[in-house]
Amino acid sequence: MQIIPAKTPEFVKTLFPNFVWNINTENKELYLTFDDGPTPEITNWVLNVLDEYSAKATFFCIGTNIEKHPEIFQNIISKGHTVGNHTYNHLKGWKHKTKDYVEDVEKTQFLLNSKFGNRQSAISNLFRPPYGKFKNKQSKKLLELGYRVILWDVLSYDWDKSVSEDTCFKNVTSAATEGSIIVFHDSIKASRNLKYTLPKVLEYYSKKGYEFKALSKHILE
């Protein structure tokens, strides 16, 4: 199995300068992101924990999960977090034609913008490809359509069952610094590590004077 470092190497970021990897800031700010929801029990648990620390975050939602759990999606919005697009069917880009992939993304964007987007300030053009991978043609087309492709500075590896809870915590605290975009997953698969790590990360960085902010158009300008 290929092991990817928790901290994204700087040379990788330079290879893909059109993608957002972190926020350039000297302020004590971190950007928590959660992929694959909304998921019953897990997402609402995350929202409650974030509330305890007055933390805001960005949720990259799968279209099918938005349709299955609209009340959880609305809870994300009502609590002042931002949401992004994580495709409709959690597609592996390299296994699909560009046309089909983009249509899948646009289907989710319709849900974000129209069907459930009661608070437009929380709806965005943010996109994160599942698995962090897609074809060059797919990324080029999405950029042309106005999407901001958000990747990450720090991976928690919360989804990996071979990673212990303590290692998941250390993956974040050993790598995250001012402006880091950190990846977690509000999914059943990640729940063991997430439930251990998220409260500890919030506590650890709060004591160091950090704020947790949601990604927004203003921040990305």
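Residues numbered from 1 in each chain as written. Predicted model: local features only at pLDDT ≥ 70, side-chain atom pairs only at ≥ 80, totals over all residues. Heavy atoms only, no water.

## Side note on the overall build of the protein
Formally: Secondary structure elements are defined from DSSP: runs of H or I of at least 4 residues count as helices, runs of E of at least 2 residues count as strands, and each element is numbered from the N terminus. The reference for a compact globule is 2.2 Å times residues^0.38; the radius of gyration itself is calculated from the C-alpha atoms. Each residue is assigned to one of three classes by its accessible area relative to the maximum for its type, calculated with a 1.4 Å probe on protein chains only: buried under 20%, partly exposed between the two thresholds, exposed over 50%. Contacts are residue-level and defined by heavy atoms, with any inter-residue pair within 4.5 Å sufficient. For every accessible area listed, the method is Shrake-Rupley and the probe measures 1.4 Å; residues are considered covered only by the protein chains on display. All tallies of charge rest on Lys and Arg as positive and Asp and Glu as negative; His and the ends of each chain are not included. We put the charge of a Lys on NZ, of an Arg on CZ, of an Asp on CG and of a Glu on CD.
Along its length, the protein carries nine helices and eight strands. A compact globule built from 221 residues should have a C-alpha radius of gyration of about 17 Å, and the protein, at 16 Å, falls within 12% of that. With respect to the principal axes defined by its C-alpha atoms, the protein has extents near 45 × 40 × 35 Å. Counting over 221 residues, the protein shows a buried share of 52%. Within the protein, residue pairs in contact and separated by at least 24 positions form 78% of the contacts whose partners lie at least 6 positions apart. Per element, the accessible surface of the protein, about 10500 Å² overall, is 51% carbon and sulfur. Put simply, the protein has 30 plus and 25 minus side-chain charges, and the middle of one group is 4 Å from the middle of the other.

## Observations concerning helix α8 (residues 191-207)
Quick reminder of the rule: One less than the residue count of a helix, multiplied by 1.5 Å, gives the span that helix is expected to have. Fitting axes to the seven residues ending at a residue and to the seven starting there, one defines the bend at that residue as the angle between these axes.
End to end, α8 covers 24 Å across 17 residues, agreeing with the expected 24 Å (1.5 Å per residue, within 8%). The sharpest bend along α8 reaches about 25 degrees and sits at Thr197, with the proline Pro199 one to four residues further on. Within α8, burial applies to Ser191, Asn193, Leu194, Thr197, Leu198, Val201, Leu202 and Tyr205. Gly209 sits one or two residues past α8 and shows a positive phi near 90 degrees.

## Considering the pairing of strand β1 (residues 29-35)
The criterion, for reference: DSSP-based pairing: two strands are paired if at least 2 bridges between them are found. By convention, orient the strands away from the viewer: a clockwise path from the first strand over the helix to the second makes the crossover right-handed.
Most of β1 is tucked away: seven of the seven residues are buried. The two faces of β1 match: Glu29, Tyr31, Thr33 and Asp35 on one face and Leu30, Leu32 and Phe34 on the other face are all buried. Here two bridges tie β1 to strand β8 (residues 211-212), and the two strands are oriented parallel to one another. Each bridged residue has a counterpart across the sheet, and for Leu30 the counterpart in β8 is Phe212. Two strands pair when backbone bridges link them, and β1 and strand β7 (residues 181-185) are joined in this way by five bridges, in the parallel orientation. For Phe34, the partnering residue across the bridge sits in β7 and is Phe184. Bridging between β1 and strand β2 (residues 58-61) involves three bridges; their strand directions are parallel. Opposite Thr33, over in β2, you have Thr58 as the bridge partner. Crossover β1 to β2 through helix α2 (residues 42-52) is right-handed.

## Focus on the pairing of β2
Residues Thr58 and Phe60 point to one face of β2 and Phe59 and Cys61 to the other, with burial holding for every one of them. Here β2 pairs with strand β3 (residues 82-85) via four bridges, running parallel. In the sheet register, Cys61 faces β3, and the bridge partner there is Asn85.

## As for the environment of Ala57
Along the chain, Ala57 turns up in the loop between α2 and β2. Its relative accessible area of 0% is what places Ala57 among the buried residues. Note: C-alpha distance between Ala57 and His81 (24 residues apart in sequence) is 5.4 Å. Residues within four places of Ala57 in sequence aside, it is in contact with Leu32, Phe34, Leu50, His81, Thr82, Lys213 and Ala214.

## Let's talk about the pattern of salt bridges
Heads up, the condition is: By definition, a salt bridge exists where a carboxyl oxygen of Asp or Glu is found within 4 Å of a side-chain nitrogen of Lys or Arg.
One pass over the structure, following the stated rule, counts nine salt bridges. The residue Lys13 makes a salt bridge to Asp153 at a minimum N-O spacing of 2.7 Å. With a gap of 140 residues between them, Lys13 in helix α1 (residues 10-15) and Asp153 in the loop between β5 (148-149) and β6 (154-155) connect regions that are remote in the sequence. Under the relative-accessibility criterion, Lys13 is labelled buried at 9%. Overall, the relative accessible area of 3% leaves Asp153 in the buried class.

## Remarks on the packing of α2 against helix α4 (residues 70-78)
The condition that has to hold: Every axis in this analysis is a line fitted to C-alpha atoms, fitted for helices over the stretch in contact. Angles between the N-to-C directions lie between 0 and 180 degrees. In what follows, roughly perpendicular refers to angles from 65 to 115 degrees, roughly parallel to angles under 35, roughly antiparallel to angles over 145, and oblique to any angle outside these ranges. What makes a crossing left-handed is the near helix being turned counterclockwise from the far one by less than a right angle; a clockwise turn instead makes it right-handed. Side-chain classes follow a simple rule in which Ala, Val, Leu, Ile, Met, Phe, Trp, Tyr, Cys and Pro form the nonpolar group, Asp, Glu, Lys and Arg form the charged group, and the remainder, Gly included, forms the polar group.
Between α2 and α4, the shortest axis-to-axis distance is 10 Å and the interhelical angle comes to 15 degrees. Taken together, the axis directions place α2 and α4 in an arrangement best described as roughly parallel. Seen from above, α2 lies across α4 with left-handed handedness. Between α2 and α4, the residues in contact are Thr43, Asn44 and Leu47 and Ile72, Asn75 and Ile76, respectively. Split into classes, the residues belonging to the contact of α2 with α4 amount to three nonpolar, three polar and no charged.

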